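Structural description and commentary
The primary structure of each chain is shown beneath.
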Amino acid sequence: MNRSGPASTIGCLLISDDKQHRKILERVACTEGWNLDACVTVLEAMKLVFRKKYELAFVDIQSVAGSSMQNDYQGLAGDLSRDHVPLLIVNGVPEDPIGEITARQIGVWVYLPGFDGKTELDVLFREARLALKRLTRQPSSTGVIEVTASKPHQ
């Protein structure tokens, strides 16, 4: 994955049932140079995933906590992590102590135990761009391919 175009060409998929969360995340992601597609249902998200390439996905499980859609969102997060995006952010349910363990088991890049107005989302989206650069394979002067990854800020 080698992106040399402007930052706005970097794709981000957002799935959230909370209109306010979508509005906040869209504003921050776009300000930080992400080309964001937002959706509400798992079906919408999967249709987009099969049509487009995304470097980052943000699954807002907090927005469907306690509803019948929570398991669908969790399943989508696992699928995205395994097969579709190099970086995955899961916004979990603050009251669910198992949420972070589950998220780590599926290989998320960042787990948020719920977010509010104090969460530094701009830093998170900026760090995601930097992590993508580090994940990009760079040929070294010795001809060996080097791959590096960063520890996400939480």
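This text goes with the structure placed above it.
Residues numbered from 1 in each chain as written. Predicted model: local features only at pLDDT ≥ 70, side-chain atom pairs only at ≥ 80, totals over all residues. Heavy atoms only, no water.

Helix length check: helix 3 (residues 70–83), at 14 residues, gives a terminal C-alpha distance of 20 Å against a target of 20 Å (1.5 Å per residue), a fit within 8%. Listing the buried residues of helix 3 in full gives Gln-70, Tyr-73, Leu-76, Ala-77, Gly-78, Asp-79, Leu-80 and Ser-81. (Helix = DSSP H or I, 4+ residues; strand = E, 2+ residues; numbered from the N terminus. Expected span 1.5 Å × (residues − 1). Buried < 20%, exposed > 50% of the residue type's maximum accessible area, 1.4 Å probe, protein only.)

On to the sheet that holds strand 2 (residues 34–39), then. One open sheet accounts for five strands, arranged 2-1-3-4-5; its pairing is parallel. Single-partner strands in this sheet number two, and they are strand 2 and strand 5 (110–112). Strand-to-strand, the axes of this sheet are offset by a mean angle of 15°, without reference to chain direction. Relative to strand 5, strand 4 (residues 87–91) runs parallel, the two being bridged by three bridges. Counterpart to Asn-91 in the pairing with strand 5 is Leu-112. Sitting on the sheet, helix 4 (residues 98–106) touches strand 4 and strand 5, and the angle it makes with strand 5 is about 165°. (Pairing = 2+ DSSP bridges. Axes fitted to C-alpha atoms, helices over the stretch in contact; angles between N-to-C directions. Contact = heavy atoms within 4.5 Å.)

By themselves these figures say nothing about function.
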